[in-house]
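One letter stands for each residue in the lines below.
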Amino acid sequence: MDKKKVISSMTTEEKISFTTGKDFWHTKENKALGVRSIMVADGPNGLRCQKGEADMLGVNVSLPSTCFPSSVTSGSTWDRELLEEEGKAIGKEAKKEDVAVVLGPGCNIKRNPLGGRNFEYYSEDPVVSGEMAASWIKGVESEGVGTSLKHFAANNQEYKRLISDSIMDERTLREIYLSPFERAVKKGNPATVMCSYNKINGVYSSDNKYLLSDILRNEWGWNGSVITDWGALHDRIKGFEAGCDLSMPGGSAFMEKATLKAVREGRLSEKLIDESVERILTLVERNEKNKIEEVDWDKHYRVALRVAEEGAVLLKNQDSILPLKEKEDVVLFGFMAGKMRYQGTGSSHINPKILKEPIAFFKGRPWIEGVDERGNITEEGIKNIEKEAKNHKVAIVFLGLPDAYESEAFDRESMSIPEGHKKMLEAVARVNSNTIVVMFSGSSVEMDWENNAKAILYMGLAGEAGGEAVFNLIYGKVNPSGKLTETWPMEYKDVPSSGCWGKVNAEYREGIYVGYRYYDKVGLDVRYPFGYGLSYTKFQYSDLKINGREVSVSIRNIGECDGDEVVQLYIKNPDKECYRALRELRDFTRVSLKKGEEKRIIFVLSDRDFSIYDGKWKVVGGEYVVEIGASSRDIRVSEKIVIEGEDILSDKYTQKSWYTQPIGKPTKKDFEWLLGRKTEEYKAADKGSYTMDNSAMEMKDHSLIMKIQYKVTEKIISKSYGGKKDYNDPGFRMMMISSTDCPLRSSIINSGGTMTEKMANAFLLMANGKWIRGILSFIFPSLGEEKRGDK
């Protein structure tokens, strides 16, 4: 395709229109110029491809595909090669359906355990997040299918995600929240990057030239297409100026007339539109003639099984109760034994091709549900549990977080599992001292019940093969080897961001102290540290050597069975009385060792491993310690290394403050000192000052028209749920939040043309109390131009 010729043959109107999708999943074609339409589909733990009625929330039916474990589990494998293999399988399934771009992976940081979408992200650590994402990208794109690295950037909460503002200093942004994207972009080179809904320091991601052009393209050297999250475009004119190429979904003509007017008036350079069109054409061109007819579903199931097995984390194994013997007298408890929670709710929700529940593999063993789907239990149920549990040698209790507890569109309310699950476990443990817990959840939970179990096997969200994986791990057919990629605190109040979480103006007061960077710095007790995970065998670390920037260490399997170990390299920083983490993960590798086998592992360090961001990346000189271990708190061998570099001169790093001695929680005053400016609390708009950035949910209590819109939406959505308006149902709740708590501008885009700008402007006028003008604007559109911008 001669892209320059195609562009020169298009009118300005055609070029502007081309940068908005055709419909929910397709880009526009231009048959006269030989430009085909391409299809995109959701990921990242499988292909969510819809050929019929479309949605962005996993509600309508999608074609069957392999449901791989969610990123909470695949990340815990720490296995780059396996993630690449998973990506290849997803790429093949995408080719079968002629899908050009799979919307994944997500590599946002798990800032807080309550994040509703944490299951879709890999880690609290930038290195793990970036490496896992890069490997997945390589796998998918090796099949000729594009990926979309998301959600760029600092999209760390679901609450008010379409208007929230992630407020942080530049160092925190660079070292923690942009770093995984940088690694994934440079190592994986995704075809597209998806910009997030939220603002960063007051600027929406789709409008953010500093983010999309200055950093992503110019600094990191990437040349792909930026696409919006569905309905994330804030301002089409600012989007072109920022380097935001493709607005999705399609079907609307949002701000196309305003953009054309800006070009004609000289306020927007047509060259910027041409650049976006050229990048979209490049994306279309790379996918031509890539369809295949069949995939090996059984093979893909086996890949999913391997990911589930490698990603499972053995948290506890008192008296080596695991693995069990095949003929052990066992009884099973818990609804999740028969219907495990194997994936998250939302846009990543897969229609599994082959689904195997745990109970299918525990044949001949008695099973008592104990609790219902939502975790409720009755007194009669407790009595039945006790009666059955005492009659068997071993009891396996399946528990965790039901769907209603975590989902896209809303955050968790607490770190606790359902009370019914706790009561079920307590009932079993009262009469059976050999109690084993199998747990399913998308993120860490409080475990005040830990002492009621002799062994705890954490599966995360283990995908369609999770049932078989549980059986294989419990009976020792596979040796558990997963490691946690997020710290599990003792309780939520220990989390450094707990004091400033869940705000529209999200102040990242803790700065770089996310996860283990905080807990290890202050020496706070945690339930399970970052990088932690047990095995059925044991490993010995020895003979650490440093030669220049090359680090080598020997790992030996000294146990009684074969196994894998995740070897983690940390750099311990020189000065504890400085605004730096005590130690930071810099590299890792997963190694398989036969019983008695020893292997030599080699790492190579770079300048970046000793750097901080202070206007630019600076190597900080001093005496560091290279630490090799099995977790951030299980360092096996270490050796000093002296690095030549700059001194830290800024008082932001050395002056006594919360950031040099982070005891307790940072205050607003602490944060403003770090930020170098005052911050403001979010103030909801009043009637008369609503803009296109306000939602029906925000306006309904003050506006009759918006209340009507809210109620109509509620009635329409309830039809998909048997007419019930059940806000405890995660699907219904997610649909309501996504439909009614999105800005009017997003409603225009997501409607696919059903709601026009004229209609939205009329509704906005009426919501602001200007009823007559609003009604007249349907006849005279120029009367309906209310304010678009930020409040």
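Computed from a predicted structure; not experimentally measured. (Residues numbered from 1 in each chain as written. Predicted model: local features only at pLDDT ≥ 70, side-chain atom pairs only at ≥ 80, totals over all residues. Heavy atoms only, no water.)

Draft legend 1. Highlighting the overall build of the protein chain. In terms of helices and strands, the protein chain carries 23 helices and 26 strands. If you line up the protein chain on its principal axes, its C-alpha atoms span 80 × 65 × 55 Å. Buried positions account for 64% of the 791 residues belonging to the protein chain. Within the protein chain, residue pairs in contact and separated by at least 24 positions form 75% of the contacts whose partners lie at least 6 positions apart. Carbon and sulfur atoms make up 48% of the accessible area of the protein chain, which totals about 29,000 Å². Computed over 115 positive and 119 negative side-chain charges, the separation of the two mean positions in the protein chain equals 2 Å. (Helix = DSSP H or I, 4+ residues; strand = E, 2+ residues; numbered from the N terminus. Buried < 20%, exposed > 50% of the residue type's maximum accessible area, 1.4 Å probe, protein only. Contact = heavy atoms within 4.5 Å. Areas by Shrake-Rupley, 256 points an atom, 1.4 Å probe, with all protein chains shown as cover. Lys, Arg positive; Asp, Glu negative; His and termini not counted. Charge placed at Lys NZ, Arg CZ, Asp CG, Glu CD.)

Draft legend 2. Local environment of the side chain of Ser70. Looking at the element boundaries, Ser70 is found in the loop between strand E1 (39-42) and helix H3 (71-74). On the accessibility criterion, Ser70 (2% relative accessible area) is buried. Leave out the neighbours within four places in its chain, and Ser70 touches Asn45, Phe119, Tyr342, Gln343, Gly344 and Leu461.

Draft legend 3. Main features of unusual backbone geometry. His151 follows Lys150 through a cis peptide bond whose omega is -10 degrees. Relative to the elements of secondary structure, His151 occurs in strand E3 (residues 146-152). The step from Phe152 to Ala153 runs through a cis peptide bond, and the omega angle for that step is 10 degrees. Within the secondary structure layout, Ala153 lies in the loop between E3 and strand E4 (165-167). Even without being a glycine, Trp78 presents a positive backbone phi close to 50 degrees. With respect to the element layout, Trp78 can be found in the loop between H3 and helix H4 (80-96). Residue Trp78 is classed as buried on the basis of its relative accessible area of 1%. The phi torsion at Lys160 lies on the positive side, around 50 degrees, for a residue other than glycine. Within the secondary structure, Lys160 sits in the loop between E3 and E4.

Draft legend 4. Summary view of the packing of aromatic side chains. All chains considered together, the criterion is met by 29 aromatic pairs. Ring centres of Trp488 and Tyr528 lie 6.2 Å apart, and the angle between their planes is 65 degrees; this geometry places the pair in the edge-to-face category. In this pair, Trp488 is assigned in strand E15 (residues 488-489) and Tyr528 in strand E17 (residues 526-528), connecting sequence segments 40 residues apart. Here Trp488 and Tyr528 have matching classes, each one buried. Centre to centre, the rings of Tyr518 and Tyr519 are 5.6 Å apart; their planes meet at 70 degrees, and the pair counts as edge-to-face. Using a relative accessible area of 4% as the deciding quantity, one classes Tyr518 as buried. (Phe/Tyr/Trp six-rings, centres within 6.5 Å; stacked < 30°, edge-to-face > 60°.)

Draft legend 5. Spotlight on the side chain of Gln343. Take Gln343: it is sitting in the loop between strand E10 (330-333) and strand E11 (367-368). If we ignore the near neighbours within four places in the chain, the residues touching Gln343 are Asn45, Cys67, Ser70, Ser348, His349, Ile350, Asp403 and Leu461.

Draft legend 6. Geometry of H4. Across its 17 residues, H4 extends 25 Å between first and last C-alpha, which sits within 8% of the 24 Å expected from 1.5 Å per residue. Buried within H4 are the following residues: Leu82, Leu83, Glu86, Gly87, Ala89, Ile90, Gly91, Glu93, Ala94, Lys95 and Lys96. Its side-chain oxygen 3.2 Å from the backbone nitrogen of Glu81, Asp79 forms the N-cap of H4. Once H4 finishes, Asp98 follows within two positions and takes phi at roughly 60 degrees, a positive value. (Expected span 1.5 Å × (residues − 1). Polar contact = N/O pair within 3.5 Å; in protein donor to acceptor, adjacent residues only side chain to side chain.)

Draft legend 7. Fine view of the sheet that holds E11. Strand order in the open sheet formed by six strands is E9-E14-E13-E12-E10-E11, and the pairing between neighbours is mixed. Looking at which strands have only one partner, the edges of the open sheet turn out to be strand E9 (313-317) and E11. Note: strand E12 (residues 394-400) against strand E13 (residues 435-440), six bridges, orientation parallel. Each bridged residue has a counterpart across the sheet, and for Phe398 the counterpart in E13 is Val438. Contacting E10 and E11, helix H12 (residues 379-389) crosses the sheet at an angle of about 165 degrees to E10. Seen against the sheet, helix H13 (residues 419-431) touches E10, E12 and E13 and runs at an angle of roughly 170 degrees to E12. (Pairing = 2+ DSSP bridges. Axes fitted to C-alpha atoms, helices over the stretch in contact; angles between N-to-C directions.)

Draft legend 8. Expanded view of the sheet that holds strand E19 (residues 550-557). Spatially, E18-E19-E22 is the arrangement adopted by the three strands of the open sheet, whose pairing is antiparallel. The strands lining the two open edges of the sheet, one partner per strand, are strand E18 (539-547) and strand E22 (598-604). On average, each strand axis in the sheet is inclined to that of its neighbour by 20 degrees, with strand direction left out of account. Sheet topology note: the E19/E22 ladder contains seven bridges and is antiparallel. Of the residues in E22, the one forming a bridge with Ser554 is Arg600.

Draft legend 9. Structural view of a nonpolar patch on the surface. On the surface, a cluster of nonpolar side chains totalling about 570 Å² of accessible area is made up of Leu704, Ile708, Val712, Ile716, Trp771 and Ile775. Elements with a minimum of two residues in the nonpolar patch: helix H19 (704-718) and helix H23 (771-776). For the nonpolar patch, the element with the highest residue contribution is H19, accounting for four residues. Relative to the assigned elements, Ile775 resides in helix H23. (Patch = residues over 30% accessible without salt bridge, like charges linked within 9 Å, V, L, I, M, F, W, Y side chains within 5 Å. Salt bridge = Lys/Arg side-chain N within 4 Å of Asp/Glu carboxyl O.)

Draft legend 10. Summary view of the state of the cysteines. Considering all chains together, one arrives at zero disulfides under this definition. Between Cys742, a cysteine without a disulfide, and Cys195, which holds the nearest cysteine sulfur, the sulfur-to-sulfur distance is 16 Å. A residue is classified by how much of its surface remains accessible, and Cys742, at 5% relative accessible area, is buried. (Disulfide = S-S within 2.5 Å.)

Draft legend 11. Here's a closer look at the pattern of salt bridges. Applying the stated criterion across every chain, the model contains 78 salt bridges. A salt bridge links Arg556 to Glu598; its shortest N-O distance comes to 3.3 Å. Note that Arg556 is positioned in strand E19 and Glu598 in strand E22, a separation of 42 residues in sequence. Here the salt bridges share partners, and the residues they tie into one network are Asp79, Glu85, Arg306, Glu310, Asp564 and Arg590.

Draft legend 12. Spatial organisation of the environment of Thr20. Mapping Thr20 onto the fold places it in the loop between helix H2 (12-18) and E1. For Thr20, a relative accessible area of 4% corresponds to the buried category. Taking the C-alpha atoms as reference points, Thr20 and Ile227, 207 residues apart in sequence, are found 9.6 Å from one another. Apart from residues lying up to four places away in sequence, Thr20 is in contact with Lys28, Leu246, Ser247, Pro249, Gly250, Ser252 and Glu256.

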